[in-house]
Amino acid sequence: MTDAPAPARSRRPWRRGRKIALALLTVYALTMLFGCPADRLLLYPRPSAESVFDASPRMVDFNGGTLEVFVARSPGTTRSEPVAFMLEFTGNATRAEDIAGWVASRWGERPVETWVMNYPGYGRSTGDARLAALGPAALATYDELAKLAAGRPIVLAGNSMGSAVALHVATQRPVAGLILQNPPPLRQIVLRDHGWWNLWLLAGPVALSIPASLDSVAQARQVTVPAIFIMSDSDELVRPALQRKILEAYAGPRRVITLVGKGHNDSLDRPMELREFGEALDWLLSRSIAPEQQE
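Remember, predicted model here, so these are calculated numbers, not experimental data.

## Structural notes on the confidence of the model for the chain
Taken over all residues, the pLDDT of the chain has a mean of 86, while the share at 70 or more is 81%. Contacts from residues 32–36, a stretch scored under 50 in pLDDT, to residues over four places away or in other chains number six contacts. Note on residues 291–295: pLDDT under 50 across the span, and four contacts to partners over four residues away in sequence or across chains.

Below you can see the structure in the form of structure tokens.
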């Protein structure tokens, strides 16, 4: 009796794995050849004009076009001219007019004028939405504000990705202080949170394509002015452990306000949080404004 021939083993799983590997390698090669998609992954531009009632638009010349800025004043400016100015940079899906009046109101009776910039490609700001354009656009807006401030202190603020822009400007221009909320180390987030599912074939090039000017950890080591860090301990987008890398790298004095049980897009609203924030603002201004100016 002869033995029956053994059934041939299916090669389908191997072939499927080979196809997946080839597809990943193809995407990787195209990405390396034609540029990494970090701009599309990290920026969510909303072009065109929108109505706003609590801030005034202002246009700033930039790169042959214009940047749209919204200007608002705190309640304290009804009694006094601004003793300080704040330049705020938004998160990646926020428009300046969405928050301009609100960020000014947080200063309360402290007489402060706030500017909030729409990035290129957002609102009526011209140009394409590109990570590489954020730093130069922010510097152009700062320079325009500095002319108006005429030596009065300028505080920078940034929420989420905007904190990376604020840190960059602080390394390039004189500023009185910083207010940073849920700051992300962009490269580390791409590599650590999104590298595993593509074997870092996509995450690696994307991380490398993020401009050095937006490397928040490296920038934080160069900034020595006072800073307020607002950090959500239940942040689902920028894990607290990653936020702390920027906090620990920061070279200047800082105060930390922890938003307990809150996520990435939550804001200060509890009485204790608002009291802490007010005290931190007074601390920030006391280090940059002469006592006679604060009266």
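Moving on from the coordinates now.
## Looking at the sheet that holds strand β6 (residues 177–181)
Reading across the sheet, the eight strands line up as β1-β2-β4-β3-β5-β6-β7-β8 and stay open at both edges, with mixed pairing between neighbours. Sheet topology places β1 (56–62) and β8 (254–259) at the edges, where each strand pairs with a single neighbour. When the angles between neighbouring strand axes are averaged without regard to direction, this sheet yields 20°. Note: β1 against strand β2 (residues 65–73), seven bridges, orientation antiparallel.

## Some thoughts on the pairing of β2
Judged by how many residues are buried, β2 sits mostly within the fold: seven of nine residues are covered. Hairpin connection between β1 and β2: a loop of two residues separates the two successive antiparallel strands, and Asn63 in this loop has a positive phi of roughly 55°. Looking at chain direction, β2 and strand β4 (residues 112–117) are connected through five bridges and run antiparallel. Bridge pairing in β4 links Arg73 to Glu113.

## Concerning the pattern of salt bridges
When charged atoms on two side chains of opposite charge get close, those side chains can pair. One pass over the structure, following the stated rule, counts 13 salt bridges. The partner of Lys262 in a salt bridge is Glu273, with the nearest N and O atoms 3.0 Å apart. Taken together, the residues span a long stretch of sequence, with Lys262 in the loop between β8 and α10 (271–286) and Glu273 in helix α10 at a distance of eleven residues. You'll find Lys262 and Glu273 in the same group, each marked buried. One salt-bridge network, in which partners are shared between bridges, spans Lys262, Asp269, Arg270 and Glu273.

What counts, and at which threshold
Residues numbered from 1 in each chain as written. Predicted model: local features only at pLDDT ≥ 70, side-chain atom pairs only at ≥ 80, totals over all residues. Heavy atoms only, no water. pLDDT = per-residue confidence, 0-100. Contact = heavy atoms within 4.5 Å. Pairing = 2+ DSSP bridges. Helix = DSSP H or I, 4+ residues; strand = E, 2+ residues; numbered from the N terminus. Axes fitted to C-alpha atoms, helices over the stretch in contact; angles between N-to-C directions. Buried < 20%, exposed > 50% of the residue type's maximum accessible area, 1.4 Å probe, protein only. Salt bridge = Lys/Arg side-chain N within 4 Å of Asp/Glu carboxyl O.

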